[in-house]
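Structural description and commentary
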Amino acid sequence: MRSALHERFRTLGERYRTERTKQGRQRRRGEAAAPGFDRAAFRWLGDAGMFRVALEPSLGGEGLPGAVHALAGFAAGSGDLGLATSLLAHLVCVRLLARAGTEAQHARHLPRLLSGEWVGAVANTEPRAGTDLLALRARVVPTPEGPRLDARKCSITNVGPADLAIVSARLGGVPPAHAVNLFLVETAWPGVHLRPVTDLTGLATSATGNLIARRVVLPEDARLGELGDGVRLFRATFTEERLLTGVLYLAAVRRCLERGLTHAQSRRTFGEPLGRHQYIQERLVRMRVAEETLEALLDATLGALARGEEVFGTLSILKLHGVEAAVDAAQGLIRILGGKGLRRGEGAEGMLRDLLCLSVFGGTVELHKVVLYNETVRARGRARPAASVDEALEVHDTRELPPGLEAELCALVARCIPGEPALRGRYYYDTRPDLVVTVRRGGVLAGFRAVTFREVMLGGRMVKVAGLGIAVAPEHQRRGLGTLLTQHVLGLLAGRGVELALVFLITRAGEKLLRSSGFSRIGAPVTYLARDDGRLVTESMPAYALALGGSALLEEIEARGGLHLGVGVW
């Protein structure tokens, strides 16, 4: 995190802090206006190349690591979390436009955003939906004059000074799977109204406001990305926003440590430096540990993203640990400074107020606890419990089943699901599974889970899916065998790169097992082509799915209006 880029922008941040300190003295003498959003700082940092380094290397930048290091350096040097928050929102806007925009959109908007002449915002949050893309009320409908936007977005960073906003909305007249989209909206257009929010507890040097669009006619090329790309693009944007917010927590901790250490070494009490007191040392050491931990977590997350790994749960850990560590550091600094720390001009109490606002930014702490709890449940589902002494688990490739095993499987299915025509003489429906995991008690087959691997198209990419089936002998039901088989199979799938586990619930008795293993019911229809005649079939049985690795696949399936499995079902 202490790269040449970090140190370069840290120096700029220190220079900016020095200038703001001079302005603070002038304000106390009545010679300067109260602090607020500093538009000139955007132009200054644009000239310094801060926004250009956030572009991908193909566009002449350094990608997400460039954005992280530049923001971390400036925030640590300036100590201004308000301005850093506005810079963060602008960087996210720049990267989103650069990632998904056309050449024409780039030519129209990127130069002014990169120079800092324009300020960017990303407007997704709504009064009733929050950041839930699936509950969007904003609409774009086709009209003879062109696409018309009606939207109400609330608590959006940079709304007020923003010149360009990327707005999420549902597009009418298209299939539900393609409804969620993003649109480029210039705030100077007729019908766009900006309502600044000026009574926040902190972040006085940032800008927050509500964006209201009433019957705004958009250009035909206002949509960002391909039709229906909204969910995919916002998933990437949320990831980057939450990572960059972690950078602000690190900057706050680092600033508190430096300020506290300087004061502890220079201030003398009872004839010796303040830093000689064990209580002061303990406060500073906590800051140092938090700094190193946050920096390591940020570096690890950046590395995981570069390798294409899922970091959904890790970002929630970053949020929870980052908020707690930064707030603790700010409170510790106030205690170290004593009465001086309570004075507004010293900055410590202002940083604490800024951090209280940032605890809500990018999703509340409580929301992230829910996310992390669900991740923990899913991780437990991927653990492989040991079988008891009289139980034997085995994994079989169905191309090489031991003699007699297929007959045992068929007989067990006939006992568990009697009278099902499609299963007469078979242990699967119309697609032979790839693996069978069996469990025996006392040498007798007591149950099994069948696994069918398949790749399906979702949002323009192939997703590896595993369809699961289960049968447990009636005399062995409700004795933990279903849980044993399910957790063992989920452990196998995680090691094979499977992204989605899918189960069709034949009887309600299995619902508790699925939910306890982290599965959720899919509300959108699941379809496939019948293997015998090729007709399109909408599965009537309830479908339950588990997104392995904590991805947002379930949300994407719902947003796209369904999941198509290709030919056949398991």
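Residues numbered from 1 in each chain as written. Predicted model: local features only at pLDDT ≥ 70, side-chain atom pairs only at ≥ 80, totals over all residues. Heavy atoms only, no water.

Time to look at helix α5 (residues 103–115). Its 13 residues place the ends of α5 18 Å apart at the C-alpha level, agreeing with the 18 Å of an ideal helix rising 1.5 Å per residue. Most pronounced at His 109, the bend in α5 amounts to some 40°, and the proline Pro 111 follows within four residues. Gln 105, His 106, His 109, Leu 110, Leu 113 and Leu 114 are the residues of α5 that are buried. Those residues of α5 that are buried are in contact with α2 (39–47), α4 (81–100), β1 (120–123), β4 (164–171), β5 (180–186) and β8 (223–224). A positive phi of about 85° marks Gly 116, the residue just after α5. (Helix = DSSP H or I, 4+ residues; strand = E, 2+ residues; numbered from the N terminus. Expected span 1.5 Å × (residues − 1). Bend = angle between axes of the 7 residues up to and from the residue. Buried < 20%, exposed > 50% of the residue type's maximum accessible area, 1.4 Å probe, protein only. Contact = heavy atoms within 4.5 Å.)

What follows is about the sheet that holds strand β12 (residues 435–441). In spatial order, the strands read β11-β12-β13-β14-β15-β19-β16; together these seven strands make up an open sheet with mixed pairing. Only two strands of the sheet have a single partner each, and these edge strands are β11 (391–397) and β16 (520–521). Pairing geometry for strand β13 (residues 444–458) and strand β14 (residues 461–472), over twelve bridges, is antiparallel. Within β14, the position partnered with Met 457 by the bridge is Met 462. Where helix α11 (residues 405–416) meets the sheet, it contacts β11, β12, β13 and β14, and its direction lies at approximately 90° from that of β13. (Pairing = 2+ DSSP bridges. Axes fitted to C-alpha atoms, helices over the stretch in contact; angles between N-to-C directions.)

On a regular strand, each side chain points to the face opposite its neighbour's, so the side chains alternate between the two faces of the sheet. Where burial is concerned, most of β5 is hidden: seven out of the seven residues are buried. Covered by surrounding structure in β5 are Val 180, Leu 182, Leu 184 and Glu 186 together with Asn 181, Phe 183 and Val 185, the residues of both alternating faces. Two elements, β4 and β5, share seven bridges in a ladder whose sense is antiparallel. Following the sheet pairing, Ala 165 is matched in β5 by Val 185. Bridge analysis of β5 against β8 gives two bridges, and the strand direction is antiparallel.

Let us now look at the pattern of salt bridges. A pair can form between side chains of opposite charge whenever their charged atoms are brought close. Counting across every chain of the model gives 24 salt bridges. Arg 254 serves as the salt-bridge partner of Glu 291, at 2.7 Å between the closest nitrogen and oxygen. Note that Glu 291 is positioned in helix α7 (residues 278–306) and Arg 254 in helix α6 (residues 230–266), a separation of 37 residues in sequence. When sorted by exposure, Glu 291 lands in the same class as Arg 254, which is buried. Ionic pairing is found between Glu 292 and Arg 288, a salt bridge with its closest N-O pair at 3.0 Å. Taken as a pair, Glu 292 and Arg 288 lie in helix α7 at a separation of four residues, close to a single helical turn. Classification of Arg 288 as partly exposed rests on a relative accessible area of 47%. (Salt bridge = Lys/Arg side-chain N within 4 Å of Asp/Glu carboxyl O.)

A word on the sheet that holds strand β17 (residues 526–529). Read across the open sheet, the three strands follow the order β18-β17-β20; overall the sheet is mixed. Bordering the open sheet on either side are β18 (536–538) and β20 (563–567), each of which pairs with just one other strand. Neighbour-to-neighbour, the strand axes of the sheet open up by a mean angle of 20°, direction not taken into account. As judged from the three bridges shared by β17 and β18, these two strands associate in the antiparallel manner. Bridging from a neighbouring strand, Thr 527 pairs with Thr 538 of β18.

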